[in-house]
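Survey of secondary and tertiary structure
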Amino acid sequence: MKFTVEKDIFKKFPNAKFGGLFILGLNNNRKSENIERILSQYCKSIKGEKNRLNRKKIYTWDNLFLKIGLDSKNITPSHKALLKRAISSGEIPNISPLVNVYNFISLKYTLPIGGHDIDKVKEVVVGQTTGNETFLPMNTEEIEEVPKNEYAYLDKKNQKVLTRNLVWRQADTDKITKETTNVFIPIDDIPGNFGYEEIEKIAMELATIICEELGGKSYFGIVNKYKTKLDSDKLPELQMDPKIPNILLKKRMDVVTDEKKINEVLTKGVKEIFPEKEDLKKLMMSGKRLKLYTGIDPTANFIHMGHIIWMKKLAQFQKLGHEVIFLIGAFTAMIGDPDKQYTREPLTKEKVRQNFKNYKKDASKILDFDWEKNPVQILNNFDWLSRLNLEDWLTVMSKVTMQHILSHDMFRQRIENENPIRLHEVMYPLMQGYDSVHMEVDLEVGGSDQTFNMLTGRILERNILGKEKFVLTLKLLTDNTGTKMGKTTNNAISFKDNPNDCYGKVMSFSDEVTPLAYELLSKKSLSEIEKIKEEIDLNPMKVKKELAFELTTLIHSKEKAEEAATYFQEVIQNQETPDDIPEFRINELADKPILNIIDLLEKTKLVDSRGQAKRLVKQGGVRVNDKKIKDIHIDIKLKEDTIVQAGKRNWVKLI
């Protein structure tokens with residue numbers, strides 16, 4: 001079959017593009033409970049959300065209809081009519097498996113999708129009528145005359161209109177029936193709401209569901225002003241995405257409504273829940289499957305302790321059967337969450353891409369992305385934030401007040417200190433907040449330091465979608481002075497840390513912090529942690545060793561954790577020098593046999609920076625041949641077999 005869009009269409013609508021999906025050899029007479037279920041669930045999930053009708057993907061079509069002289073109050077785009085029905089009643093008619101699929105995709109992505117039986121028509125053309133065509137409305141026998149110059153889907157050979165006014169009413173001529181085996185599904189994006197990759201993604205989802213449930217092979221291409229024709233015989237076969245059936249078609253596990261388990265999830269490590277904890281608990285007890293997420297901006301190339309905290313919370317929700325999204329903030333990372341003191345240096349696209357390259361591998365140690373019963377999805381906010389234009393952002397900005405933005409303690413402190421605030425930084429909370437709108441989530445989970453941004457998303461989702469979003473904030477791991485433990489305090493546990501460092505950093509936690517560390521980082525229940533609080537006064541070393549072993553096993557392996565425990569016992573506790581100290585050649589360090597202690601620490605890579613080296617020396621954390629060094633200006637004689645120690649866990653031997 002051939003699909004052609006006349007060039008005059010692109011003169012009238014320069015941003016238009018059409019996805020052309022051909023599926024051959026399907027069985028539409030086959031019953032599919034999976035397809036019925038996903039359509040029914042989606043319709044129920046959007047019931048009553050009238051604000052959806054005000055979204056861009058609706059009003060751009062209304063404006064397009066006005067542009068061609070149509071009154072959208074009387075002639076409604078097909079996807080708007082479908083959406084109205086689903087919002088009003090929470091359901092739409094169950095017609096046939098094939099029609100159900102593209103109705104589901106139409107609702108999900110807010111775009112018009114129809115189907116043409118290509119055994120009944122050999123060429124479909126999008127163009128203007130001549131006035132000689134006829135139109136047979138679906139499920140009737142009354143033929144209508146069509147005026148000249150109407151934009152429509154046409155069977156030019158037989159002078160028939162297949163779809164009037166582009167996406168209004170479809171003809172009975174080539175409608176989908178249970179006997180349909182070959183279908184052409186155009187994906188209309190005449191206003192230019194979608195990018196090419198998005199159109200292809202939508203086609204992939206359509207094709208995968210159809211072929212998985214109804215059989216057949218799929219072929220895909222895109223028509224635009226540069227390529228106005230498609231021939232199904234010349235298109236390559238579309239390769240199916242194996243993850244889509246798992247995510248959409250296979251029935252997820254039932255939502256767990258056990259009150260004890262829900263209380264644990266909503267209490268352990270939790271600081272606050274907005275608007276109310278009891279409201280969220282009631283929703284979870286009802287059996288509703290929540291869609292929730294946490295976003296991670298890839299500003300560094302590794303996952304660390306702070307990420308472990310919220311990933312463990314997401315894993316709890318995953319095990320209760322809720323839909324969990326692991327969001328990569330590739331777009332927001334290029335701006336950076338505003339700091340209290342200064343403007344962050346923007347990151348390049350390439351740097352961001354490099355940073356999150358290994359995130360899934362590391363996160364898989366906590367979250368199950370391949371669990372057939374309930375897999376965690378990975379999404380990337382670059383896919384939608386990069387597509388928003390100025391008009392879109394003006395709409396988003398109109399939903400939040402400047403008073404709200406400037407109430408952010410980050411901005412307030414900058415103003416008090418007379419430090420500049422760049423306008424792009426003001427956009428960060430809106431960008432992070434818009435993620436909630438795009439994904440239409442029920443809940444966002446994050447550290448308490450992200451409360452403002454998450455609540456901004458709550459405001460946007462309510463004002464744009466008319467949908468309430470819960471926000472669950474988690475406690476931060478802080479020392480006994482209230483200072484957040486992290487990279488600057490040299491005790492942030494990273495997935496890049498070797499097992500000895502991972503184990504040792506946990507052992508460096510103060511006794512006061514250890515119960516909180518258990519609550520945030522361990523798999524122990526709240527009742528078990530209460531017993532730990534009693535035990536830590538009697539045997540703090542034993543308690544910390546158990547946590548160190550658990551976290552080292554999580555990040556590395558049980559074998560590596562056992563080796564790290566032995567290393568800590570022999571080298572740190574018993575102050576023995578390890579047998580396998582890394583070696584550095586003296587002639588590679590300096591031309592002369594003397595080197596300043598800071599240069600020595602930096603060149604032997606015992607520290608990450610000169611600043612860290614100076615801090616370690618001043619704190620008495622550096623030894624040369626077991627002699628403590630406290631002067632940052634001292635020079636060290638470079639002799640063979642000299643042993644340099646930085647902190648409790650890092651050693652080198654000069655050779």
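Coordinates for the structure precede this section.
In short, a report on the structure. Only a predicted model underlies this, so the values are computations on that prediction, with no experimental measurement involved.

It is worth spelling out the overall build of the protein chain at this point. Counting its secondary structure elements, the protein chain contains 26 helices and 24 strands. Dimensions of the protein chain along its principal axes, counting C-alpha atoms only, are 100 × 60 × 50 Å. Of all 655 residues assigned to the protein chain, the portion counted as buried reaches 53%. Intrachain contacts of the protein chain at a sequence separation of at least 6 include 74% that bridge at least 24 residues. Accessible surface, the protein chain as shown: approximately 31,300 Å² in total, 47% of it carbon and sulfur. Both charge centroids of the protein chain, one from 104 positive and one from 96 negative side chains, sit 1 Å from each other.

Inspection of the secondary structure puts D409 in helix α17 (residues 409–416). Each C-alpha atom of the pair D409 and I58 lies 37 Å from the other, and the pair is 351 residues apart in sequence.

Attention now moves to the sheet that holds strand β23 (residues 643–646). Spatial ordering of the open sheet is given by β18-β24-β23-β20-β21, a layout of five strands whose pairing is mixed. With partners counted over all chains shown, the strands left at the sheet margins are β18 (583–584) and β21 (627–629), one partner each.

Counting 96 residues, the largest nonpolar core has L266, F317, F326, L472, L477 and L521 as the members making the most contacts within it. Beyond its immediate sequence surroundings of up to four residues, F326 is in contact with T294, I296, W310, M311, A363, L367, F369, V376, Q377, I378 and L379. In this structure, L21, C43, I58 and I187 belong to the second largest nonpolar core, which totals 46 residues.

Inspection of the entire model under this criterion finds 31 salt bridges. Where K80 meets D62, a salt bridge forms, and the shortest distance between an N and an O atom there is 3.0 Å. Pair noted here: K80 is in helix α4 (residues 78–89) and D62 is in helix α3 (residues 56–67), with a separation of 18 residues, a long-range link. You'll find K80 and D62 in the same group, each marked buried.

Let us look at the packing of aromatic side chains. If you walk through the whole model with that rule in mind, you get 13 aromatic pairs. Relative to F65, the ring of W61 lies with its centre 6.4 Å away and its plane at 80°, an arrangement referred to as edge-to-face. Residue W61 and its partner F65 are both found in helix α3; the two are separated by four residues, about one turn of the helix. Ring pairs connect the aromatic residues F3, F10, F18, F22, Y153 and F184, which therefore count as one cluster. A cation sits over an aromatic face here: R169 above W168, 4.9 Å from the ring centre.

On to the environment of F3, then. Note that F3 resides in strand β1 (residues 2–5). Take F3: its relative accessible area is 0%, and that puts it in the buried class. With 104 residues separating them in the primary sequence, F3 and L107 have C-alpha atoms 24 Å apart. The contact partners of F3, leaving out residues within four places of it in the chain, are F18, F22, V124, V126, Y153, F184, V223, T228, K229 and L230.

Moving on, we come to the packing of α4 against helix α5 (residues 97–109). The interhelical angle for the contact between α4 and α5, taken along N-to-C directions, is 90°, at an axis separation of 10 Å. Considering their axes alone, α4 and α5 lie roughly perpendicular with respect to each other. Contacts between α4 and α5 pair H79, L82, L83 and A86 from the former with N103, S106 and L107 from the latter. The residue makeup of the contact of α4 with α5, split by class, is four nonpolar, three polar and no charged.

Residue position: D497 is located in the loop between β17 (470–474) and α20 (499–507). By relative accessible area, D497 is classed as buried at 11%. In terms of polar contacts, D497 uses its side chain to reach the side chain of K505, at 3.0 Å. Beyond its immediate chain neighbours, meaning those up to four positions away, D497 contacts A492, C502, K505 and H556.

So, how was this worked out
- Residues numbered from 1 in each chain as written.
- Predicted model: local features only at pLDDT ≥ 70, side-chain atom pairs only at ≥ 80, totals over all residues.
- Heavy atoms only, no water.
- Helix = DSSP H or I, 4+ residues; strand = E, 2+ residues; numbered from the N terminus.
- Buried < 20%, exposed > 50% of the residue type's maximum accessible area, 1.4 Å probe, protein only.
- Contact = heavy atoms within 4.5 Å.
- Areas by Shrake-Rupley, 256 points an atom, 1.4 Å probe, with all protein chains shown as cover.
- Lys, Arg positive; Asp, Glu negative; His and termini not counted.
- Charge placed at Lys NZ, Arg CZ, Asp CG, Glu CD.
- Pairing = 2+ DSSP bridges.
- Core = buried A, V, L, I, M, F, W, Y, C linked by side-chain atoms within 4.5 Å.
- Salt bridge = Lys/Arg side-chain N within 4 Å of Asp/Glu carboxyl O.
- Phe/Tyr/Trp six-rings, centres within 6.5 Å; stacked < 30°, edge-to-face > 60°.
- Lys NZ or Arg CZ within 6 Å of the ring centre and 35° of its normal.
- Axes fitted to C-alpha atoms, helices over the stretch in contact; angles between N-to-C directions.
- Parallel < 35°, antiparallel > 145°, perpendicular 65-115°, else oblique.
- Nonpolar A, V, L, I, M, F, W, Y, C, P; charged D, E, K, R; others polar.
- Polar contact = N/O pair within 3.5 Å; in protein donor to acceptor, adjacent residues only side chain to side chain.

Geometry only, nothing functional implied.
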